[in-house]
Amino acid sequence: MSGVWGVLLLLWGCVCLWLPGPAQGALVISRDNAIVQETQEPIRSLKKRSTNSDEVVEVYSVTVDCKVASRFAHTVMTSSALNKGNSSKEISFEVELPKTAFITNFSMEIESQIYVGEVKEKEKAKKQYEKAVSSGQTAGLVKASGRKMEKFSVSVNIAANSNVTFILTYEELLQRKLGHYEILTRVKPKQLVQNFQIVADIYEPQGITFVDAHATFISNELLPLVEKTVTDTKAHISFTPTLDQQRKCPGCDSTLIDGDFVIKYDVNRANSLGDIQIVNGYFVHFFAPPDLPRVPKNVVFVIDRSGSMSGTKMRQTREALLAILKDLHEEDYFALVPFDHNITPWKESLTKATKENVDEALEYVRRLNDNGGTNINDAVLRAVTMLDKDKRDKNLPENGVDMIILLTDGMPNSGESSLPRIQSNVRGAIDGNMSLFCLGFGNDVDYSFLDVMAKQNKGLARRIYEASDATIQLQGFYEEVASPLLSEVDLRYPDNAVDFVTTNHFSQLFNGSEIVVAGRLSDNDIDNFLVEVFANGFEEDFQVQGQASAVDWDMIYPEQEYIFGDFTERLWAYLTIQQLLETSKSGTSDEKTNATAKALDMSLQYSFVTPLTSMVVTKPETEDGPSSPLIADKLTEEQRQQAERHGYRYIPPQQTSYRFASAPTHFVDGDPHFMIELPGRADALCFNIDDTPGTIFNLVKDLTSGILVNGQTIGDKKVAPDGKVNTYFGRFGIVHLTLGVRLEVTTHNITVSQDGKRVKLLWSDTTSLKGPNMDLLVTKDRSLTVTLRDSVKFVILLHKVWKKHPYHQDYLGFYTLDSHLLSPSVHGLLGQFYHGVEFEVGDLHPGEVPEKPDATMYVKGQELNVTRGWQRDFRTDVKNGENVPCWFFHNNGTGLIDGSASDYTVSGLFKTV
């Protein structure tokens with residue numbers, strides 16, 4: 001498809017939902033007709049298949065505009081293209097944004113007509129999508145995907161000499177990590193763009209301490225291209241290279257823009273109370289007091305060393321532990337509790353992190369190896385007991401922060417294996433007295449189980465991806481929690497002045513992070529807005545209070561017409577929804593129900609795409625038919641893990657030796673296996689029909705063209721010892737009513753009848769028969785090709801079986817070529833698929849056979865369970881066949897075929913009923 005162009009905008013983020021983290025992004029724009037795949041490697045474009053594409057579509061503008069008001073970022077990504085050709089072309093827009101961001105708006109402007117996305121309840125959006133699919137519209141489901149990204153994409157057909165502009169908006173709260181906020185944009189244009197611009201405006205009334213902006217692809221000569229203007233409370237950063245500045249070399253068309261564009265900044269923190277801003281009836285409180293001494297921690301590392309941790313995972317865990325232990329402060333206390341089916345602590349109590357003790361622990365860790373099962377329940381309970389006993393015996397500092405860090409890569413299969421009972425046991429044992437952090441290593445672990453268990457115990461869960469950087473991931477997580485400054489932080493506001501306050505109690509404040517609380521004012525009289533903060537500090541309790549007042553943004557930024565003056569309200573809504581979603585997973589039954597309902601209402605009210613909502617984008621009508629919707633979703637972390645867990649088991653067609661032809665082939669062969677190839681999707685659907693021998697099925701019926709094909713099944717010579725009754729097609733009847741031709745094909749011979757004349761051909765001869773309207777070609781003991789002039793072509797294969805085989809006998813296979821030449825009204829078990837079928841596949845999960853995962857398919861308005869498998873195409877190798885990957889429908893194709901298999905039975909080989 002040389003007319004397909006892609007405008008790809010990729011924004012890549014790694015912002016942890018529960019711990020402070022950076023906002024990161026990647027921008028990729030491509031006009032190449034390329035296949036884009038998401039992997040753990042950088043996105044890359046494959047070789048162009050078109051030589052004149054650059055002359056047809058011009059991507060003339062790509063802009064990224066980010067405005068940050070008090071950490072709340074509002075990003076607008078815009079791309080414009082012109083179809084300069086004399087025929088319509090498809091143009092695609094794709095964005096990958098941080099997991100923590102909420103899409104808030106999407107629009108397309110095509111020839112002054114604007115199409116705007118609408119946020120709807122997810123279930124309603126899903127029904128609209130399924131309705132579109134069942135009515136034959138092309139409704140491409142759009143979902144989030146990837147290790148650190150959420151994907152939004154849309155493509156539209158643009159008429160000749162027409163423009164299209166795509167605009168996507170998303171919002172998020174930038175989270176402080178290791179002492180700064182970070183915006184990282186990965187730019188890979190792979191082309192020259194007339195108007196290429198990245199702009200960021202940062203507004204921080206608290207005051208900006210530093211701003212750093214750089215790019216990995218900029219040499220010293222190009223440093224002036226990054227323009228930075230910083231005042232006390234505002235920063236402006238821009239990157240706007242001209243066409244010549246984008247060139248990799250003088251006169252060439254390749255671009256040097258290929259890498260990361262990074263902005264880092266932080267704000268003043270002179271006030272121990274933090275910064276309280278009151279704007280338009282809402283308040284937000286940023287709390288990260290300066291110059292606090294770190295609080296000692298009492299930490300127990302609970303390390304899975306079961307057999308599943310063998311090899312790379314065990315080595316990476318050892319490497320990470322060695323680095324973490326070296327980073328312990330001498331006033332910290334620590335313990336190591338490795339476990340498999342047995343619990344084998346390094347020592348029976350926590351040990352002070354002196355150099356001697358740490359050195360001894362390092363030697364122990366170097367000898368850690370894998371063995372046995374996975375007893376998570378007893379391992380965590382042992383860690384709790386150790387902390388409790390040492391606390392009671394006063395072996396630990398009273399003011400230390402108690403925490404358990406659990407690392408596991410699998411499901412409990414030793415000791416207590418019930419996940420709810422493990423959660424209940426751990427929650428009862430901890431009883432709010434310490435924090436539990438859970439690290440899930442790889443894709444075999446149940447992340448939802450760990451996530452809920454951590455949240456129930458004042459901690460958080462984090463996925464550790466099974467990759468070469470797993471050691472760095474483990475160290476990075478520890479670095480975030482390594483230096484607690486305060487514990488049991490309680491932020492209080494006047495009861496009579498505020499309502500709908502977000503979470504205002506936090507178990508810990510870690511060095512380099514920030515606590516954020518927001519709420520709505522119930523009383524506009526804020527002259528007496530007293531704010532108090534209470535917490536446990538290093539040597540004494542932390543307590544601070546102060547008076548808050550409204551922030552006059554017009555006074556701070558007198559010449560700035562601010563883009564979203566309601567940012568405090570939207571920040572409050574963003575935080576509230578995030579926390580309600582958390583409660584909907586870890587609260588009681590009533591709490592879950594109420595939290596889900598409230599989160600849904602707020603998501604709709606503020607037009608946020610959350611796990612409870614979807615954005616419905618209605619594409620413009622084309623010459624081919626009415627408009628069709630696309631759905632932009634947000635995956636939960638559990639759904640993301642599930643897709644990754646089974647993605648490797650899915651064998652895409654391009655990774656097999658089978659190559660789909662450019663035109664679709666539909667066939668039935670074997671026992672009897674029906675196959676619908678869809679070359680446009682490089683995929684196929686398949687199903688079996690099981691019935692009694694002698695049943696006659698209608699395969700193709702096109703009354704407009706006058707073509708009818710029926711097939712009669714045969715069985716084995718006798719029932720096999722396993723009792724299974726195999727059926728195959730042993731006889732076909734083909735009728736062309738308009739031409740008056742009738743063809744009967746059996747495993748013995750081929751009979752042609754027309755105008756009262758009859759000709760019999762034998763499989764034992766290679767012969768051909770040409771007529772004014774039909775040609776026949778028999779290849780000895782192999783195949784019959786039937787070519788109808790200006791119409792469809794059928795191929796019937798003969799499968800010969802050893803004559804003395806005790807059970808099997810000869811049978812036939814039926815293949816349809818050029819099926820697009822039949823009328824739109826064609827039907828039958830095969831014919832109903834001749835003009836394609838729309839479907840979407842999701843929710844990959846384990847099947848009965850490991851290499852054949854199951855999945856959920858949305859097709860014809862239904863949600864069906866399908867299995868990834870193979871059927872054989874015997875056209876090139878009639879003896880062995882060639883495996884074709886396909887999605888298999890169970891129960892005689894129920895849900896895929898119209899009606900049931902019995903609806904297609906007929907009374908005779910040349911009958912329509």
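Residues numbered from 1 in each chain as written. Predicted model: local features only at pLDDT ≥ 70, side-chain atom pairs only at ≥ 80, totals over all residues. Heavy atoms only, no water.

Chemist: Kindly report on the overall build of the protein, identifying the contributing residues and their values.
Modeler: Regarding its fold elements, the protein presents twelve helices and 51 strands. In the protein, buried positions account for 57% of the 913 residues. Within the protein, residue pairs in contact and separated by at least 24 positions form 67% of the contacts whose partners lie at least 6 positions apart. Counting only carbon and sulfur atoms, one obtains 47% of the accessible surface of the protein, whose full area is about 38,600 Å². (Helix = DSSP H or I, 4+ residues; strand = E, 2+ residues; numbered from the N terminus. Buried < 20%, exposed > 50% of the residue type's maximum accessible area, 1.4 Å probe, protein only. Contact = heavy atoms within 4.5 Å. Areas by Shrake-Rupley, 256 points an atom, 1.4 Å probe, with all protein chains shown as cover.)

Chemist: Give me the sheet that holds strand 6 (residues 102-110): which residues, what numbers.
Modeler: Through backbone hydrogen bonds, the strands of a sheet pair up, either in parallel or in antiparallel fashion. If you trace the eight strands from one edge of the open sheet to the other, you get 7-6-11-4-3-13-16-15, paired in mixed fashion. Only two strands of the sheet have a single neighbouring strand rather than two, namely strand 7 (113-116) and strand 15 (226-230). The mean inter-strand angle of the sheet, taken between neighbouring strand axes irrespective of direction, is 10°. The pairing of strand 3 (residues 57-69) with strand 4 (residues 72-83) spans twelve bridges and is antiparallel. Paired with Val59 across the bridge in strand 4 is Ala81. Packing against the sheet, helix 10 (residues 567-586) makes contact with strand 3, strand 4, strand 6 and strand 11 (162-173), and its axis sits at approximately 70° to strand 11. (Pairing = 2+ DSSP bridges. Axes fitted to C-alpha atoms, helices over the stretch in contact; angles between N-to-C directions.)

Chemist: Can you break down the pattern of salt bridges residue by residue, with the values?
Modeler: Counted by the stated rule, this structure contains 37 salt bridges. Taken together, the shared-partner salt bridges connect Arg71, Arg176, Glu204, Asp266, Arg269 and Glu514 into one network. (Salt bridge = Lys/Arg side-chain N within 4 Å of Asp/Glu carboxyl O.)

Chemist: Can you break down the sheet that holds strand 19 (residues 282-287) residue by residue, with the values?
Modeler: Pairing in this open sheet of four strands is antiparallel, and the strands run 18-19-29-27 from one edge to the other. The sheet terminates laterally at strand 18 (275-279) and strand 27 (498-499), the two strands that pair on one side only. Sheet topology note: the strand 27/strand 29 (residues 515-521) ladder contains two bridges and is antiparallel. Bridge pairing links Asp499 to Arg520 in strand 29. On the sheet, helix 10 packs against strand 18, strand 19 and strand 29 and is oriented at approximately 115° with respect to strand 29.

Chemist: Help me get a handle on helix 5 (residues 376-392), residues and values and all.
Modeler: With 17 residues, helix 5 ought to run about 24 Å at 1.5 Å a step, and its terminal C-alpha atoms sit 24 Å apart, in line with that. Inspection of helix 5 places Ile376, Asn377, Ala379, Val380, Ala383, Val384, Met386, Leu387, Asp390 and Lys391 among the buried residues, and these make up the whole buried set. Residues of helix 5 that are buried sit in contact with strand 20 (297-304), strand 21 (333-339), strand 23 (401-408), helix 6 (419-430) and helix 7 (447-455). After helix 5 finishes, the residue Lys394 shows a positive phi value of roughly 60°. (Expected span 1.5 Å × (residues − 1).)

Chemist: Please give an account of the environment of Pro98 that cites residues and values.
Modeler: Here Pro98 is to be found in strand 5 (residues 89-98). Taking relative accessible area as the criterion, Pro98 reaches 1% and is therefore assigned buried. As for Pro98 and Glu171, which are separated by 73 residues in sequence, their C-alpha atoms are 9.8 Å apart.

Chemist: Could you give an account of the packing of helix 3 (residues 312-326) against helix 8 (residues 470-481), with specific residues and numbers?
Modeler: At a minimum axis distance of 8 Å, the contact between helix 3 and helix 8 shows a crossing angle of 35°. For the pair helix 3 and helix 8, the sense of crossing is right-handed. Residues Gln316, Thr317, Glu319, Ala320, Ala323 and Ile324 of helix 3 form the contact with helix 8, whose participating residues are Ala470, Thr471, Leu474, Gln475 and Tyr478. (Left-handed = near helix turned anticlockwise from the far one by under 90°.)

Chemist: Mind laying out the packing of helix 7 against helix 10, listing which residues take part and the relevant values?
Modeler: What describes two packed helices is the angle between their axes and the distance between those same axes. Helix 10 packs onto helix 7 with a crossing angle of 105° between their chain directions and a minimal axis gap of 9 Å. As judged from the angle between their axes, helix 7 and helix 10 are roughly perpendicular. Side by side, helix 7 and helix 10 meet where Asp451, Val452 and Lys455 of the first sit next to Glu582, Lys585 and Ser586 of the second. Its residues assigned to classes, the contact of helix 7 with helix 10 shows one nonpolar, one polar and four charged. (Parallel < 35°, antiparallel > 145°, perpendicular 65-115°, else oblique. Nonpolar A, V, L, I, M, F, W, Y, C, P; charged D, E, K, R; others polar.)

Chemist: An account of the confidence of the model for the protein is requested, with residue identities and associated values reported.
Modeler: Looking at the protein as a whole, the pLDDT averages 81, with 85% of positions reaching at least 70. Throughout residues 1-54 the model reports pLDDT below 50, and contacts reaching past four residues in sequence, or to other chains, amount to 184 contacts. This model gives residues 646-662 a pLDDT under 50, and the stretch forms 43 contacts once residues within four places in sequence are excluded. (pLDDT = per-residue confidence, 0-100.)

Chemist: Account for the pairing of strand 44 (residues 774-779), with residues named and values stated.
Modeler: Along any regular strand, the residues point their side chains to alternate faces of the sheet. Alignment of strand 43 (residues 767-770) against strand 44, held across four bridges, turns out to be antiparallel. What sits directly across from Ser768, in strand 44, is Leu777. In the sheet, strand 44 pairs with strand 45 (residues 783-788) via six bridges, with the strands oriented antiparallel. Bridge pairing links Met774 to Leu788 in strand 45. Between strand 44 and strand 45, which pair antiparallel in sequence order, lie three residues; one of them, Asp781, sits at a positive phi of approximately 55°.

Chemist: Outline the packing of aromatic side chains, supporting the account with residue identities and numerical values.
Modeler: Tallying each qualifying case throughout the model produces 27 aromatic pairs. With centroids separated by 6.0 Å and ring planes inclined at 75°, the aromatic side chains of Phe72 and Tyr574 adopt a geometry described as edge-to-face. Here Phe72 is found in strand 4, whereas its partner Tyr574 is found in helix 10, with 502 residues between them in sequence. Given a relative accessible area of 0%, Phe72 falls into the buried group. When its relative accessible area of 1% is taken as the criterion, Tyr574 is described as buried. Members of the aromatic cluster, each reached through a chain of ring pairs, are Phe72, Phe102, Tyr282, Trp572, Tyr574, Tyr606 and Phe608. One residue, Arg71, lies across the ring of Phe286, its end atom 3.8 Å from the ring centre. Taking the ring centre of Trp887 as reference, the NZ or CZ of Arg868 above it sits at 4.6 Å. (Phe/Tyr/Trp six-rings, centres within 6.5 Å; stacked < 30°, edge-to-face > 60°. Lys NZ or Arg CZ within 6 Å of the ring centre and 35° of its normal.)

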